[in-house]
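This is what each chain is made of:
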Amino acid sequence: MNEMPMALCLVDEHGNFYFRNRRFEQLFAIPPHEVMSLARWWQQEYPDPDYRQQVIDTWTADLAYAHAHDGQIPQRDYQVTLPDGEQRTMAIGGLVFGNHFMATFEDRTEQIEHNALLREMAYVDGLTGIANRRHFDESLHIEWRRCLRSGQPISMLMIDIDHFKAYNDHYGHLLGDECLQAVATTLRDGLGRAQDFVARYGGEEFVCLLPESTAAGARKVAERLLTAMHTLARAHAASPVANSVTISIGIATETPDGHNDPEALLAYADANLYRAKQAGRNRVDAGDNAG
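Residues numbered from 1 in each chain as written. Predicted model: local features only at pLDDT ≥ 70, side-chain atom pairs only at ≥ 80, totals over all residues. Heavy atoms only, no water.

Details of the overall build of the chain
Okay, so step 1: Per the secondary structure count, the chain includes nine helices and ten strands.
Okay, so step 2: A globule of 291 residues ought to have a C-alpha radius of gyration of about 19 Å, yet the chain, at 28 Å, is considerably larger.
Okay, so step 3: Burial analysis of the chain (291 residues in total) assigns 45% to the buried set.
Okay, so step 4: Considering only residue pairs separated by 6 or more positions, the chain has 56% of its internal contacts joining residues 24 or more positions apart.
Okay, so step 5: By element, 52% of the accessible surface of the chain is carried by carbon and sulfur atoms, the whole surface being about 14,800 Å². (Helix = DSSP H or I, 4+ residues; strand = E, 2+ residues; numbered from the N terminus. Rg over C-alpha atoms; globule rule 2.2 N^0.38 Å. Buried < 20%, exposed > 50% of the residue type's maximum accessible area, 1.4 Å probe, protein only. Contact = heavy atoms within 4.5 Å. Areas by Shrake-Rupley, 256 points an atom, 1.4 Å probe, with all protein chains shown as cover.)

Digging into the sheet that holds strand β2 (residues 17-20)
Okay, so step 1: Taken in spatial order, the five strands of this open sheet run β2-β1-β5-β4-β3, and their pairing is antiparallel. The open sheet has two edge strands with one neighbour each: β2 and β3 (72-81). Averaged over all neighbouring strand pairs, the angle between strand axes comes to 25°, with direction disregarded.
Okay, so step 2: Relative to strand β5 (residues 100-107), strand β4 (residues 87-97) runs antiparallel, the two being bridged by eight bridges. (Pairing = 2+ DSSP bridges. Axes fitted to C-alpha atoms, helices over the stretch in contact; angles between N-to-C directions.)

Notes on the pattern of salt bridges
Okay, so step 1: Overall, the coordinates contain 18 salt bridges when judged by the stated rule.
Okay, so step 2: With a closest N to O distance of 2.3 Å, Arg40 and Glu34 form a salt bridge.
Okay, so step 3: What makes Glu34 partly exposed here is its relative accessible area of 25%.
Okay, so step 4: Note that Arg88 is salt-bridged to Asp107, the shortest N-O span being 3.0 Å. In this pair, Arg88 is assigned in strand β4 and Asp107 in strand β5, connecting sequence segments 19 residues apart. (Salt bridge = Lys/Arg side-chain N within 4 Å of Asp/Glu carboxyl O.)

Remarks on the side chain of Asn272
Okay, so step 1: Along the chain, the position of Asn272 falls in helix α9 (residues 262-278).
Okay, so step 2: Taking relative accessible area as the criterion, Asn272 reaches 5% and is therefore assigned buried.
Okay, so step 3: There is a polar contact of 3.1 Å between the side chain of Asn272 and the backbone oxygen of Ala286. (Polar contact = N/O pair within 3.5 Å; in protein donor to acceptor, adjacent residues only side chain to side chain.)

Observations regarding the packing of helix α5 (residues 133-150) against α9
Okay, so step 1: Taken N-terminus to C-terminus, the directions of α5 and α9 make an angle of 115°; their axes are 10 Å apart at the nearest point. Here α5 contributes Phe136, Leu140, His141 and Trp144 to the contact with α9, which in turn contributes Pro262, Glu263, Leu265 and Leu266.
Okay, so step 2: For the contact of α5 with α9, the per-class residue count stands at six nonpolar, one polar and one charged. (Nonpolar A, V, L, I, M, F, W, Y, C, P; charged D, E, K, R; others polar.)

Quick look at a nonpolar patch on the surface
Okay, so step 1: On the surface, a nonpolar cluster with roughly 270 Å² of combined accessible area is contributed by Tyr18, Leu95 and Phe97.
Okay, so step 2: Note on placement: Leu95 falls in strand β4. (Patch = residues over 30% accessible without salt bridge, like charges linked within 9 Å, V, L, I, M, F, W, Y side chains within 5 Å.)

A closer look at the pairing of strand β6 (residues 154-161)
Okay, so step 1: Burial analysis of β6 places eight of its eight residues in the buried class, the great majority of the element.
Okay, so step 2: Side chains of β6 alternate between two faces, with Ile154, Met156, Met158 and Asp160 and Ser155, Leu157, Ile159 and Ile161 buried alike.
Okay, so step 3: With seven bridges joining them, β6 and strand β8 (residues 205-211) adopt antiparallel strand pairing. When the sheet's bridge partners are listed, Met156 is paired in β8 with Leu209.
Okay, so step 4: Both β6 and strand β9 (residues 247-254) contribute to a ladder of eight bridges, which runs antiparallel. Looking at β9, one finds that Leu157 is bridged to Ile251.

Some details on the packing of aromatic side chains
Centre distance and the angle of the planes are the two values used to describe a pair of aromatic rings.
Okay, so step 1: Within this structure, the stated rule accounts for 14 aromatic pairs.
Okay, so step 2: For the pair Phe164 and Tyr167, a centre-to-centre distance of 6.0 Å together with 5° between the ring planes defines the contact as stacked. Here Phe164 pairs with Tyr167, and both are found in helix α6 (residues 164-171), just three residues apart, close to one helical turn. Tyr167 matches Phe164 in its accessibility class, with the two residues each being buried. (Phe/Tyr/Trp six-rings, centres within 6.5 Å; stacked < 30°, edge-to-face > 60°.)

Some thoughts on helix α2 (residues 38-45)
Okay, so step 1: Along α2, the residues that are buried comprise Leu38, Trp41, Trp42 and Glu45. With its buried residues spanning 100° around the axis, α2 presents them on a single face.
Okay, so step 2: Looking at the buried positions of α2, the neighbouring elements they touch are β2, α1 (22-28), α3 (49-68), β3 and β5. (Arc of directions from axis to C-beta.)

Some details on unusual backbone geometry
Okay, so step 1: At Ala29, a position not held by glycine, the phi torsion is positive, near 55°.
Okay, so step 2: With respect to the helices and strands, Ala29 occurs in the loop between α1 and α2.
Okay, so step 3: Overall, the relative accessible area of 54% leaves Ala29 in the exposed class.
Okay, so step 4: The residue Asn282 is not glycine, and still its phi comes out positive at about 55°.
Okay, so step 5: Relative to the helices and strands, Asn282 resides in the loop between α9 and β10 (284-285).
Okay, so step 6: Note on Asn282: relative accessible area 23%, which makes it partly exposed.

Next comes the structure, spelled out in structure tokens:
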């Protein structure tokens, strides 16, 4: 037990630690001769009183569960504060035997950070730093179901950078990438509510999801984004529309009712984007979709 790679300790019925293995002492910087009690442990490793009480309540309930069942203490993640002040995520579980228990500690900090990084890579567009198509697809279905439950409308803006191929041909792909980044930032900063969501849909196309937004509200957002692009005033000498980068926006609004679906909302927005482009670009079009 002393040489096991996992930190562990044994605690008696009075809350006294009567065995700590080498890994435990290394991890928590507790010398072998130093007396440790459960009460002191709570104070030292969980300095925030509210979180400490939460941990004590959870651990006490898990001990009771283990006593009443197979002796296995459920393993849970806890935020442990080390002696140097660093916080680590520890998966703590163990076994009960009689009135004693053994607690085991597995440091999962790096694993959790690594998983978060992988998730970010999977859901964030690498060039622009905003959400990618996969993230949008999942969010669309989540928000659609939420609006179905609440009876609220949901709106979408499909956005295309006008004559972006001509921009790339004129300025080169490096500046083209910078243009995409600038547009993405402008769109993200132009959304007024925390629940509104912008993603790169593909190429020079972006999409904004506006949960619980009426058609009128969506048009206001679209007009604001159109103005924000004019304010950005990024030169586009190859555009027949304007001397700066502009966008075209198609709007769609639906109230989910069980007879429609999010794919139809997407199709409406895409069709209205096409109408905006056919009408001359640098404009907003909501078609005949009343929401």
